[in-house]
Every structure is written in structure tokens, then in C-alpha cells.
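Analysis of the macromolecular model
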Amino acid sequence: MEPLRAVADWPVDHVAAAALTPAGVHTEGDVDRPFALASVTKLLTATAVLVAVEEEIVDLDEPAGPPGATVRHLLAHASGLGPDGDQVLAAPGATRIYSNRGYELLGELVADRAGLSFATYLDEAVLAPLGMAATALEGSPAHGARSTVGDLLRFAGAWLGADPVVIHHSTRDAAAEVAFPGLHGVLPGFGRQDPNDWGLGPELRGDKRPHWTGTRCSARTFGHFGRAGTFLWVDPDADVALLALTDREFGPWAASAWPALADAVLDTITRGDGQLPRPAADGDPVVWNREPRP
């Protein structure tokens, strides 16, 4: 796909990118190269927590984190916890405060209930079923994973596909809806947003301006970006997922380059003049019809 070639001009040492579209899979760069995901890790962690909910290891509305907060609050950055550490800055459900610590508490809760390290649970619940053999959690459940574009294409397919993959489609769809509507807050790197919509793990585009997705992305677009210069989003209205991994920290370059890439990809799909997808092959990094984990 022609628009993806633009990533070669980004001011980074290494980059790989991919688009999952109705026409097929399009990639640019080394899809097998591992990158630090930074906060894109939260999408993996949230998915594992949702598996734990389906397995009835935890409940979305059970107490977790600060007094009055629940698992649902922690997933949606609405618990009142500060960005790092255990300082409580607001009452649960009062505002949206982006919290790494909240995701660490989620990892601790699931690990305790499952009797496994959270890294092991993540692998068994999400990574192994999706064939994400090159992905591993090497640190915090908030920002400590490494992965490849090839693996994240599998993950994106699980969130974009119509059939159940890892989590039931009803769970997935609910996670991509606004949790605690109407909360304002700061979107890291892009300033105060009102409302600052978030789902149960994914950040929701809504009407946020400025934003790291494209202007052509629908309001239902959801995903996450990371400080390591990484992002993954899914637009269910366009039936498109886009992701890119780099080795340069997020900054003004990304805030400019990422939306431009998104708009170019969606414009190409709308015009229908993109290149034909490459033929499917063994090991093609898309999974559509795996059964949910028992």
C-alpha cells in the first residue's frame, strides 16, 4: 500500500508498520523486528483482564485500587489514582486520570487470583492463543511488553474480526464503548480533553482534538499509543486497523506523522486505488476464527 511507504521518511532509526483492511494485509519494514511497546502494553493487559472476567477470576465491579474504585474504574483510568504511585488525586468516577499504577494493580489482582505471575497469565490467556510467540511482558503490565508488527497484526485482527477470538465479541464490543461517560482529563501528549473518553483498556477517539489518530478516523476508533513511538488503532466503521512501531520516543514528529499516515491510508481505501493485497501464505499474521479460550 502506497501510503505505508511514508514511514520510511519518518525521523526514526527503525520502523515497521502495517494496515489491516477489507482488501487484506499491507506491511512496510521488518515485521519480525521486536520493539518496546511502552503503553501499547495496556491493550494486551486489558485483554488479559477481560479474559479473567470471562473466566470469573475477577469481576469488573469488584473493589480494586483506592476505596470506592473497581476493576472497571482501573481499566478506564477513572479510579482517581495518579499517574504513578499510590497517591489518590480524585474520587473514583470523578475525572479521567491516566494511571500506570492502576494497570499494575490490575496485573497484581489477576496474578493473585490465578496463582500465576501476570506475565504467565498474559501468555496463556492472550499471547499463546493468538500465536504471538515473539511477544513477551518483561516488566510492568502498564508499559513493559515487547512485540513485533507481525504479532500485533494478530492482536489487531482479534479486535477487528467479527468472530470470537480470545474474548467473546460482546465483551470486546463493550470494552470499546465509553466507560464512565462525560469525564474530562488530560490525554498524554495532547492536552486536556473534555470529554476524555476511554473504554475498558482502549482509548476512544470520539471528538478529541488534537488526537494521534487521523481526522478521517471515525469517532468509534479505539486503540493506544506508547511513549516509545508506537501505536495501534482499530476503526470498526472503516473495518481497518493501523499500527506502527518505532525506536524513537513520542514527540512532535509523531503527533504530526501519525495522523497524516492514518488519513492517507483511509483515503486510499475510500478511493479504492490501493495496491492489491499480497497473497495469503502459511504464517500470515492474521487470525480471524480461533475459538475463545475455555
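To start, this report covers the structure provided alongside it.

**Remarks on helix H3 (residues 100-114)**
Here H3 contains 15 residues, and its C-alpha end-to-end distance of 21 Å stays within 8% of the 21 Å for a straight helix at 1.5 Å per residue. Residues of H3 that are buried: Asn100, Arg101, Gly102, Tyr103, Leu105, Leu106, Gly107, Leu109, Val110 and Ala111. On its buried face, H3 sits against helix H1 (41-54), helix H2 (71-75) and helix H4 (118-127). For H3, the N-terminal cap is Ser99; the gap from its side-chain oxygen to the backbone nitrogen of Arg101 is 3.4 Å. Gly115, located one to two residues past H3, shows a positive phi value of around 70°.

**Examining the sheet that holds strand E11 (residues 240-246)**
An order of E2-E1-E11-E10-E9-E8 is seen for the six strands of this open sheet, with the pairing classed as antiparallel. With one partner strand each, in any of the chains shown, strand E2 (24-28) and strand E8 (203-204) form the two edges of the open sheet. Of the pairings in the sheet, the one linking strand E1 (residues 15-21) to E11 comprises six bridges and is antiparallel in character. Considered in E11, the bridge of Ala17 is made with Ala244.

**Quick word on the packing of aromatic side chains**
This structure, assessed with the given rule, holds 13 aromatic pairs. Measuring from centroid to centroid gives 6.4 Å for Phe155 and Trp159, while their planes differ by 55°, and the two rings are tilted. With Phe155 and Trp159 both in helix H5 (residues 149-160), this residue pair falls four residues apart, about one helical turn. Using a relative accessible area of 2% as the deciding quantity, one classes Phe155 as buried. Ring geometry for Phe250 versus Trp258: centroids 5.5 Å apart, planes at 50°, classification tilted. In this structure, Phe250 and Trp258 share a single accessibility class: buried. Here the aromatic residues Trp10, Phe190, Trp212, Phe225, Phe231, Phe250, Trp253 and Trp258 are joined through ring pairs into a cluster of three or more. Taking NZ or CZ as reference, Arg33 lies 5.7 Å from the ring centre of Phe35, over its face. A cation over an aromatic ring shows up here: Lys42 above the ring of Tyr103, its NZ or CZ 6.0 Å from the ring centre.

About the criteria used
Residues numbered from 1 in each chain as written. Predicted model: local features only at pLDDT ≥ 70, side-chain atom pairs only at ≥ 80, totals over all residues. Heavy atoms only, no water. Helix = DSSP H or I, 4+ residues; strand = E, 2+ residues; numbered from the N terminus. Expected span 1.5 Å × (residues − 1). Buried < 20%, exposed > 50% of the residue type's maximum accessible area, 1.4 Å probe, protein only. Contact = heavy atoms within 4.5 Å. Polar contact = N/O pair within 3.5 Å; in protein donor to acceptor, adjacent residues only side chain to side chain. Pairing = 2+ DSSP bridges. Phe/Tyr/Trp six-rings, centres within 6.5 Å; stacked < 30°, edge-to-face > 60°. Lys NZ or Arg CZ within 6 Å of the ring centre and 35° of its normal.

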